[in-house]
Each structure stands twice: as structure tokens, then as C-alpha cells.
Amino acid sequence: MRAITVLLFLGAWLLVLPQAQADESNFTTGMILYNQNDWINSQPPLKAAAESGNREAQYYLAEALRLTNRYMTSEAASWYVAAAEQGDVFAMLRLSSSDTLCIAKTCTKDNKFWKKRALEVAKIKASEGDNSAMYALYFLTGDKKWLMKSAEAGNSEAGYFLVRLMLDDTWDRKTGRSTLSKPARQYLEKAASDGNPHAMALLSGFLNEEGDYQSAKKWLERCLETSHYDCILRMEMIHQGDFERYNELDYNPEKAIAYGFFLFRVDSLAPAPETDLMPEFRESLTDEDKARGEAFLNEWKKTHPPVSYHVRKFGF
């Protein structure tokens with residue numbers, strides 16, 4: 001009897017496994033497109049994953065719908081609700097900011113309901129050490145201490161966002177520059193160490209300005225492993241020889257490599273104005289440069305993910 005039960009369970013599991021793999025594949029595909037700001041094409045795979053109950057897919061599908069339409073649609077709201085009812089605090093945050101959720105007088109789950117619910121859930125999760133909930137509490141309360149707690153607990157996105165706020169606070173109108181204070185630097189270094197590509201790119205830039213070229217190169221190359229757009233473009237420009245301030249990073253500019261990085265951007269993002277080459281550089285490329293650039297692209301793609309903007313979970 002036990003053997004029959006085990007066989008039945010195994011059979012059911014084998015039937016479920018392909019669907020679970022398909023759902024995960026759809027979610028991964030959708031998130032690659034979403035992180036390239038391709039809100040329209042990200043919707044079909046995200047919807048397929050969302051319909052299976054994937055909470056993250058539900059939230060990001062709602063985000064893609066809202067961003068595509070530039071306002072909260074009823075379809076976007078329905079997916080935010082689906083994610084919120086599974087405990088997604090950021091979905092609750094989006095719902096709390098919309099005053100068009102309730103049209104019928106009998107509706108009880110309006111924006112005030114979701115704001116209260118978000119606070120309740122976030123506080124419970126934060127007390128249990130959830131750094132994402134701590135991050136959400138900043139948006140719910142406006143208190144930077146929650147960003148600090150989230151960053152200190154390992155949320156690299158919260159850490160980078162905190163650094164940007166700290167830099168904004170020190171922005172000088174006359175010089176157009178911000179000061180990286182000691183606390184801001186500590187949070188930036190932690191966010192970079194915790195894996196945030198934006199933090200890696202920013203830290204690399206500051207280190208380069210300070211003359212610490214080897215450390216700047218280290219963070220730039222770590223950022224390249226994430227295929228963050230800013231770092232891919234930066235390396236492309238270095239190899240075009242356009243950035244004199246990066247000459248100390250010990251790179252020998254090679255047109256073929258610059259062309260390879262350009263092809264990598266186009267391969268990921270499709271032809272677009274921002275992925276074009278400067279005419280004078282394009283005209284300077286030889287057939288050999290182009291052939292070597294294509295070979296570089298083929299090898300680079302084997303070990304690196306597609307280009308990504310690494311979109312914040314709770315952005316504009």
C-alpha cells in the first residue's frame with residue numbers, strides 16, 4: 001500500500017514538474033525583458049507565470065501594465081491585489097497610492113485599507129528580520145532609519161537608494177557636484193559588496209576620480225559580470241578611447257572589443273537610437289575589427305546575462 005502511495009505521489013510530482021519549470025522559465029524571460037524597460041513584451045511571459053500564482057510575477061506584471069499605460073488600470077490593479085493578498089508589501093504600497101480603486105460604494109478595500117494593511121504586514125515582517133519589509137517601511141513612513149536598517153540587513157537596493165538620497169542632500173548648485181560623506185561611502189561600499197550593480201558603477205566612478213585606479217577597475221569588472229547597462233557602455237567607451245580619465249585603468253583600447261560591446265547592447269536591447277555608434281567611430285572600423293567584434297560577442301554571451309538596467313522594485 002505504501003509503495004502504491006509513493007508511486008502515485010511520484011507520478012503526480014512528475015506531472016507537476018514540467019509546469020513548474022515552464023512557470024519559472026516564463027518568469028525569468030519576463031524579468032529579463034522587464035529589466036530592459038521592455039514593458040510591453042515582458043507582459044506575456046509574466047502573465048503566464050502570474051496565472052500560475054507566482055507572487056513576484058503578479059507584482060511585476062502589474063508594474064509593466066501600469067508603466068505601459070502610464071496610470072493605474074483595472075487590470076494592473078487586479079494583479080497588484082493578487083500579489084498583495086499573497087503578502088507582497090510593495091503591491092500593497094502601489095494600491096495605497098491609488099485613489100481610483102473603489103468606484104462602488106460597497107467597496108471596502110480602498111487605498112486607505114491597503115496603506116493600513118501594508119504597515120501591519122511590513123512591521124511584522126521587519127520585526128522578523130525581513131530587509132525587504134524594512135525597505136518598504138521607508139516608503140510607508142518617509143523615515144530614513146528604515147532604509148538604513150534595510151541596508152545594514154543586506155538589502156543592496158535600499159543601500160544604494162539611501163546613498164543617492166545622501167548625495168542629493170549634499171548637491172552644490174554652483175559646482176553641480178555632490179560630496180560622498182564617510183557614512184555614505186560605507187553604505188555605498190556595502191551595497192556594492194552585497195551585489196548591487198548601480199552601487200558598483202557609482203563606487204567605481206568615485207574611486208577613479210580619487211586616483212585609486214586598481215580598485216576602480218575591480219568594481220567596474222565586477223559590475224560587468226552583472227551586464228549592467230552603464231558598465232557595459234562605460235567599457236565600450238573605454239575601448240573606443242573616448243574617456244581619457246579611464247586611461248589609468250590599465251586597458252589598451254581596442255576597436256574590436258568596443259564593437260563587440262556595442263553588438264552586445266544591440267543583441268540585448270534591439271536596434272534603438274541609444275544603442276547606435278557614433279558615425280566617425282563606425283566609419284573607422286575595418287572588416288577585421290568587425291569580425292573580431294562579432295567573435296567577442298559570441299564568446300561574451302556564453303558567460304554573461306543579457307544587458308539589464310536592473311530596475312528598482314519600487315520606482316517611479
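Treat the numbers as computed from the prediction; the structure is a model and nothing was measured.

Section: the confidence of the model for the chain
In step 1: Averaged over every residue, the pLDDT of the chain is 88; the share at 70 or more is 87%.
In step 2: Residue range residues 5-10 is modelled with pLDDT below 50. Its contacts to residues more than four positions away, or to other chains, number 0 contacts.

Some details on helix H12 (residues 213-224)
In step 1: With 12 residues, H12 extends 16 Å between its outermost C-alpha atoms, agreeing within 8% with the 16 Å of an ideal straight helix rising 1.5 Å per residue.
In step 2: Buried within H12 are the following residues: Ala216, Lys217, Trp219, Leu220, Cys223 and Leu224.
In step 3: As for H12, its buried residues are in contact with helix H10 (182-193), helix H11 (197-209), helix H13 (229-240), helix H14 (255-269) and helix H16 (287-303).

What to know about the nonpolar core
In step 1: Residues Tyr59, Tyr80, Leu147 and Leu188 are the most contacted members of the largest nonpolar core, which totals 91 residues.
In step 2: Not counting chain neighbours up to four residues away, the residues in contact with Leu147 comprise Tyr135, Tyr138, Ala158, Phe161, Leu162 and Leu165.

Remarks on unusual backbone geometry
In step 1: One non-glycine residue with positive phi stands out, namely Arg70, at about 65°.
In step 2: Within the element layout of this structure, Arg70 appears in the loop between helix H3 (55-69) and helix H4 (74-84).
In step 3: Even without a glycine there, the phi angle at Ser227 is positive, about 60°.
In step 4: Following the sequence through the fold, Ser227 ends up in the loop between H12 and H13.

As for the state of the cysteines
In step 1: Here the structure, examined in full by the defined rule, presents 1 disulfide.
In step 2: The disulfide that involves Cys223 links it to Cys231, with 2.1 Å between the sulfurs. Between Cys223 and Cys231 the sulfur-sulfur dihedral comes to about 90°; the bridge is accordingly right-handed. One exposure class covers both Cys223 and Cys231, and it is buried.

Re the environment of Ala191
In step 1: Secondary-structure assignment places Ala191 in helix H10.
In step 2: Separated by 39 residues in the primary sequence, Ala191 and Glu152 have C-alpha atoms spaced 9.1 Å apart.
In step 3: Those residues in contact with Ala191 that lie beyond four places of it in its chain are Ser156, Gly159, Tyr160, Asn196 and Ala199.

Criteria and thresholds
- Residues numbered from 1 in each chain as written.
- Predicted model: local features only at pLDDT ≥ 70, side-chain atom pairs only at ≥ 80, totals over all residues.
- Heavy atoms only, no water.
- pLDDT = per-residue confidence, 0-100.
- Contact = heavy atoms within 4.5 Å.
- Helix = DSSP H or I, 4+ residues; strand = E, 2+ residues; numbered from the N terminus.
- Expected span 1.5 Å × (residues − 1).
- Buried < 20%, exposed > 50% of the residue type's maximum accessible area, 1.4 Å probe, protein only.
- Core = buried A, V, L, I, M, F, W, Y, C linked by side-chain atoms within 4.5 Å.
- Disulfide = S-S within 2.5 Å.

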